[in-house]
Amino acid sequence: GNSVTQMEGPVTLSEEAFLTINCTYTATGYPSLFWYVQYPGEGLQLLLKATKADDKGSNKGFEATYRKETTSFHLEKGSVQVSDSAVYFCALSDNAGKSTFGDGTTLTVKP
Amino acid sequence: SAVISQKPSRDICQRGTSLTIQCQVDSQVTMMFWYRQQPGQSLTLIATANQGSEATYESGFVIDKFPISRPNLTFSTLTVSNMSPEDSSIYLCSARGLKNEKLFFGSGTQLSVL
């Protein structure tokens, strides 16, 4: 079956530090890849997505590139802010429309 | 985009009782799903809610414990039956738009079973 493995947390960074959260996947066919974010006390929301190999998703300074050769979709941001503190979920959606989520990585950014 | 209204937002229930969670989408969607998010863990798919037919359950989840209805394209319910403290969790409704792979999520139902 499909699976998503993401970097274990929690991750604690200082403001303006560089962020990488690793995500690798296993799936048959050509899944679409997503990063979702869950801010404290809120529901999940889509952060960015990529639907085919070499696509780069970007939003709010975050980026992730769909790497088929390494089955990865690592999330990066050049300079994090306190407001980026949240739980980040890597996910894939297969051809049947079913989504599989990683375990989530908690990010805390300190001033 | 789609807006998903889910209720109740939270409830505290007694062991052995049942709770029905409602999910209403403000536009037509293709697929609706129910997830569980246990404390400190990721989302686990419970089932896909199929319009007008029985839901499709994932391994480890059965209809007798989690009956699901989807009478039309924009509404679904999940019932957590004969609850035990192990059922304490956040239950999330989600939906996929007609032309979009993106998943929209409800705000979740925080369930505590005593």
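Residues numbered from 1 in each chain as written. Chains lettered and ligands numbered in written order. Predicted model: local features only at pLDDT ≥ 70, side-chain atom pairs only at ≥ 80, totals over all residues. Heavy atoms only, no water.

## Notes on the sheet that holds strand S8 (residues 75–80) of chain B
Residues and elements named next belong to chain B.
Okay, so step 1: Pairing in this open sheet of 4 strands is antiparallel, and the strands run S1-S3-S8-S7 from one edge to the other. Looking at which strands have only one partner, the edges of the open sheet turn out to be strand S1 (4–7) and strand S7 (68–72). Going across the sheet, the axis of each strand differs from the next one's by a mean of 15°, ignoring polarity.
Okay, so step 2: Note: S1 against strand S3 (residues 19–25), 4 bridges, orientation antiparallel. Bridge assignment links Ile-4 to a residue of S3, and that residue is Val-25. (Pairing = 2+ DSSP bridges. Helix = DSSP H or I, 4+ residues; strand = E, 2+ residues; numbered from the N terminus. Axes fitted to C-alpha atoms, helices over the stretch in contact; angles between N-to-C directions.)

## Structural notes on the pairing of S7(B)
Remark: a regular strand shows side chains that alternate across the two faces of the sheet.
Residues and elements named next belong to chain B.
Okay, so step 1: The pairing of S7 with S8 spans 3 bridges and is antiparallel. The residue of S8 that forms the bridge with Asn-72 is Phe-75.
Okay, so step 2: Where S7 hands over to S8, the hairpin turn is made up of 2 residues, counted between the paired strands.

## A few points about the interface of chain A and chain B
Okay, so step 1: Taken together, the contact between chain A and chain B spans 17 residues of the former and 15 residues of the latter.
Okay, so step 2: Taking both partners together, chain A and chain B bury about 1300 Å²; carbon and sulfur atoms supply 52% of that area.
Okay, so step 3: It is Leu44(A), Lys98(A) and Phe101(A) that lose the most area in chain A upon contact with chain B, and together they represent 32% of the buried surface on that side.
Okay, so step 4: Inspection of the region where chain A meets chain B yields 0 salt bridges.
Okay, so step 5: Here chain A and chain B share 3 residue pairs in polar contact (both at pLDDT 80 or more) between them.
Okay, so step 6: The set of elements that each furnish at least two residues to the side of chain A that touches chain B consists of strand S5 (32–38), strand S6 (44–50), strand S10 (86–93) and strand S11 (99–101) of chain A.
Okay, so step 7: Examining the composition of the side of chain A that touches chain B, we find that 4 residues originate from one element, S5(A), more than from any other.
Okay, so step 8: Of the residues belonging to the side of chain A that touches chain B, the class tally is 7 nonpolar, 7 polar and 3 charged. (Contact = heavy atoms within 4.5 Å. Buried area = accessible area lost by both parts, 1.4 Å probe. Salt bridge = Lys/Arg side-chain N within 4 Å of Asp/Glu carboxyl O. Polar contact = N/O pair within 3.5 Å; in protein donor to acceptor, adjacent residues only side chain to side chain. Nonpolar A, V, L, I, M, F, W, Y, C, P; charged D, E, K, R; others polar.)

## Regarding the sheet that holds strand S7 (residues 56–59) of chain A
All names here are of chain A.
Okay, so step 1: Spatially, S3-S9-S8-S7 is the arrangement adopted by the 4 strands of the open sheet, whose pairing is antiparallel. The outermost strands of the open sheet, each flanked by one partner alone, are strand S3 (19–21) and S7. Averaged over all pairs of adjacent strands, the angle between their axes in this sheet comes to 15°, without regard to strand direction.

## Concerning unusual backbone geometry
Residue and element names in this part refer to chain A.
Okay, so step 1: Here the amide bond leading from Gly-9 into Pro-10 is cis, since omega sits at -5°, within 30 degrees of zero.
Okay, so step 2: Residue position: Pro-10 is located in the loop between strand S1 (3–6) and strand S2 (11–14).
Okay, so step 3: Unlike most non-glycine residues, Thr-71 shows phi in positive territory, near 45°.
Okay, so step 4: Note that Thr-71 resides in the loop between strand S8 (62–65) and strand S9 (75–77).
Okay, so step 5: Among the residues examined, Thr-71 registers a relative accessible area of 30% and is labelled partly exposed. (Buried < 20%, exposed > 50% of the residue type's maximum accessible area, 1.4 Å probe, protein only.)

## Here's the deal with the pattern of salt bridges
Okay, so step 1: Summed over the entire model, instances satisfying the criterion amount to 4 salt bridges over all chains.
Okay, so step 2: Put simply, Glu63(A) and Lys56(A) hold a salt bridge, and the shortest N to O gap is 3.6 Å.
Okay, so step 3: We classify Glu63(A) as partly exposed; its relative accessible area is 34%.
Okay, so step 4: In this structure, Asp87(B) and Lys65(B) form a salt bridge, with 2.6 Å as the shortest nitrogen-oxygen distance. With Asp87(B) in the loop between S8 and strand S9 (89–97) and Lys65(B) in the loop between strand S6 (56–57) and S7, the pair connects residues that are 22 residues apart, well separated along the chain.
Okay, so step 5: By relative accessible area, Lys65(B) is classed as partly exposed at 21%.

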